[in-house]
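# Analysis of the macromolecular model
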Amino acid sequence: MTQKEALFQYCLRLGDNALILGHRLSEWCSRAPFIEEDLALTNMSLDMIGRAQALLKYAAEVEGSGKTEDDLAYRRPEPKYFNHLITEQPNGDFAHTIARQLYISTFEYYFYSDLEKSKDKTLAAIASKAIKEVKYHLQHAADWTIRLGDGTEESRNRMQKAISDLWMWSGELFEMDEVENSLLKDGIAVDLIPIKALWSNHIKQVLTEATLNMPEEDYMQTGSRKGIHTENLGHILSEMQYLQRAYPDAKW
Amino acid sequence: MHNEHTNQHFQLRIDNGEYIEAKDYMPDGYRKHLIRQISQHAHSEVIGMQPEGNWITRAPSLRSKQILLAKIQDEGGHGLYLYSAAETLGISRVELIDQLHSGKAKYSNIFNYPALNWADIGAIGWLVDGAAIVNQVSLQRTSYGPYSRAMVRICKEESFHQRQGYEIMANMMKGTKEQREMAQDAMNRWWWPALMMFGPHDTDSPHSSDAVKWKIKRETNDELRQKFIDKTVQQAEIIGLTIPDKDLKFNEKTGHYDIGKINWDEFHRVINGNGPCNKQRMEHHIKYHNEGAWVREAAEAYKKKRLAKQLEIA
Ligand SMILES: [Fe+2]
Ligand SMILES: [Fe+2]
């Protein structure tokens, strides 16, 4: 794998995470528990899709085959998508969406804080914009985790279930392969090993305040680094890519 | 009891062009009229999120997805300003939503039509927001202060929506044959419902006279409708869309476009519950409102617990 290929792959991974999570969050539109929350969730979706656009644009530039960010978003099939499996998990109830966001935003908080120092100027710039948004996403997710955990009996049960249900998708966030390792050597990628401990600590702290239990170490699902997904992604893409696939000659 | 004198004084203030504020005296009829109108307006913003939301996950480019998301967010924000304006008149958000669900409060009839293809997103922005703006610009000078101020904020955003909608239509008209067909199809379906948004002809409008006297409404339904027609017909021509009205023609004498007969039977049929989406829109709102009940209860319970803890510490 050349450096160029590794960088292309790295950008796809980050861009796909933002795109697929942004898609999921956008599904909340007109479905949230109250209107202020509808706006908060779609606002996060907007942040994510904006970030996806920047990252996929850069990916296309790195690849250098004349594609656009839209080509990458709308014309790639599932096995060429590299988002973490957790991002494609269904919204479920509000607690599941919050748990998914808590896991991801905690990860992204440490991740983008580090990526801001990347030797790759474009990635560093994208990261410094992202980190401002992520801080808000994390605050939002942590606040709700605590509110729901320490709210009513029903909300506590739902929140605990969501935290446990999504746990098995969290391990993948810290997987590293030759893409990360080769870019890490050049100071471009983020080292995920130290982030794992920071992540666990923060999650534990939030769950404690929420009077919830931290899930036990267990088997972690894997696959997305190689383009192997859950059944969810196919449905997301068939919806997302519908117009571009049905009218390949059209410009929108 | 407020006597005749107080009501005369109120009318005098209106006639002098003063704004009425929440704490000022107002006749019951004025208050009721405003609650009905503002809540209908607020619910329209919120229910209107559904037809456009129908295309968020299928928007054909990253840019268009962001524009649409931001637009729908604005509409939700408009709903919020308007709920707040209604609350200044002594009604709570819970009551407002209950009235929507029971059918006592209405929302704009236009959202009982479906958004069937991507050009509908263009047509909604261009025609529906376009019609709304004409109405709302006029409402910026409405006599109730909080409503008027909400309108000023809202109008700034609505004109963006209208331009973005028109841009979608213009792009599609420059596109493939299929795209042009989608655009014309959307035009055909949204044109007449958009004209109906202004309500019945002045001669048949039940609420108009008080609303005009109180300067809640500054221009009549037909005046507003004509403004919309005049500006929109030309915009359609520029991008090559045909207005689905064979009787449409420019009237040299009046300087306005004359249109064919509006199908008021359809208007009444849809407003009375038999539009293609009445049931769907309401069931959607009720379903997700109910599904969110446990979240609202939890937030309430948590707030109470925190308050109790703070009191303990203090
Ligand atoms: Fe609006
Ligand atoms: Fe609008």
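The notes below deal with the structure included here. (Residues numbered from 1 in each chain as written. Chains lettered and ligands numbered in written order. Predicted model: local features only at pLDDT ≥ 70, side-chain atom pairs only at ≥ 80, totals over all residues. Heavy atoms only, no water.)

## So, the coordination of the iron ion (ligand 2)
All names here are of chain B. Ligation of the iron ion (ligand 2) by protein atoms is provided by Glu75 (OE), Asp129 (OD), Glu158 (OE) and His161 (ND1), these donors lying 1.9 to 2.2 Å from the ion. Coordination at the iron ion (ligand 2) is irregular, judged from the 4 donor atoms that bind it and the angles of 93 to 159° they form at the metal. Along the chain, the residues donating to the iron ion (ligand 2) are arranged with the sequence spacing E-x53-D-x28-E-x2-H. In this structure, the iron ion (ligand 2) is positioned 3.4 Å from the iron ion (ligand 1), and both are ligated by glutamate 75. Of the two residues, glutamate 75 sits in helix α4 (residues 62-87) while aspartate 129 sits in helix α6 (residues 118-139), which places them 54 residues apart along the sequence. Summarising the burial analysis for this pair, glutamate 75 and aspartate 129 share the class buried. (Donors = N, O, S within 2.8 Å, 3.2 Å for Na, K, Ca; no water. Tetrahedral: all angles 85-135°; square planar, octahedral: opposite > 155°, others 65-115°. Helix = DSSP H or I, 4+ residues; strand = E, 2+ residues; numbered from the N terminus. Buried < 20%, exposed > 50% of the residue type's maximum accessible area, 1.4 Å probe, protein only.)

## Points about the side chain of histidine 78 of chain B
Residues and elements named next belong to chain B. In this structure, histidine 78 sits in helix α4. For histidine 78, a relative accessible area of 0% corresponds to the buried category. Here the side chain of histidine 78 touches glutamate 75 through a polar contact of 3.1 Å, side chain to side chain. A distance of 3.1 Å separates the side chain of histidine 78 from the side chain of glutamate 158, its partner in a polar contact. Contacts of histidine 78, omitting those with residues within four sequence positions, involve Glu45, Ile154, Glu157, Glu158 and His161. (Polar contact = N/O pair within 3.5 Å; in protein donor to acceptor, adjacent residues only side chain to side chain. Contact = heavy atoms within 4.5 Å.)

## Details of the packing of helix α5 (residues 121-149) of chain A against helix α8 (residues 193-209) of chain A
Residue and element names in this part refer to chain A. Between α5 and α8, the least distance of the axes is 8 Å, while the angle of their chain directions is 40°. For the pair α5 and α8, the sense of crossing is right-handed. In contact with Leu138, Ala142, Thr145 and Ile146 of α5, α8 contributes His202, Val206, Leu207 and Glu209. For the contact of α5 with α8, the class distribution of residues is 5 nonpolar, 2 polar and 1 charged. (Axes fitted to C-alpha atoms, helices over the stretch in contact; angles between N-to-C directions. Left-handed = near helix turned anticlockwise from the far one by under 90°. Nonpolar A, V, L, I, M, F, W, Y, C, P; charged D, E, K, R; others polar.)

## Overview of the coordination of the iron ion (ligand 1)
Residue and element names in this part refer to chain B. Of the protein atoms, only Glu45 (OE), Glu75 (OE), His78 (ND1) and Glu158 (OE) coordinate the iron ion (ligand 1), at distances of 2.0 to 2.2 Å. Angles of 85 to 148° at the metal separate the 4 donor atoms of the iron ion (ligand 1), which places the site in the irregular class. All donors of the iron ion (ligand 1) belong to a single chain; written as a sequence motif, their spacing is E-x29-E-x2-H-x79-E.

## Brief notes about the interface of chain B and chain A
A common way to state how big an interface is: give the accessible area lost once the parts meet. The interface is formed by 42 residues belonging to chain B together with 50 residues belonging to chain A. Buried surface at the junction of chain B and chain A, both sides included, amounts to about 4000 Å², of which 68% is carbon and sulfur. Counting every contact that joins chain B to chain A gives 2 salt bridges. Here glutamate 36 of chain A makes a salt bridge to arginine 93 of chain B, at a shortest N to O gap of 2.5 Å. Our enumeration of links across chain B and chain A arrives at 16 residue pairs in polar contact (both at pLDDT 80 or more). Secondary-structure elements contributing two or more residues to the side of chain B that touches chain A are α3 (49-53), α4, α8 (177-196), α12 (278-291) and α13 (293-313) of chain B. For the side of chain B that touches chain A, the residue count by class is 21 nonpolar, 11 polar and 10 charged. (Buried area = accessible area lost by both parts, 1.4 Å probe. Salt bridge = Lys/Arg side-chain N within 4 Å of Asp/Glu carboxyl O.)

## Some words on the environment of histidine 78 of chain B
When the C-alpha positions of histidine 78 of chain B and valine 46 of chain B are compared, they lie 8.2 Å apart, and in sequence the two are 32 residues distant. In this structure the side chain of histidine 78 of chain B is engaged in a polar contact, spanning 3.3 Å, whose partner is the side chain of glutamate 45 of chain B.

## Thoughts on the packing of α4 of chain B against helix α5 (residues 93-102) of chain B
Residues and elements named next belong to chain B. Viewed as axis vectors pointing N to C, α4 and α5 meet at an angle of 110°, and their least axial separation amounts to 10 Å. Put simply, α4 runs roughly perpendicular to α5. On α5, the residues touching Leu80, Tyr83, Ala86 and Glu87 of α4 are Arg93, Leu96 and Ile97. Along the lines of polarity and charge, the residues of the contact of α4 with α5 split into 5 nonpolar, no polar and 2 charged. (Parallel < 35°, antiparallel > 145°, perpendicular 65-115°, else oblique.)

Note that all results are geometric; they support no functional claim without further evidence.
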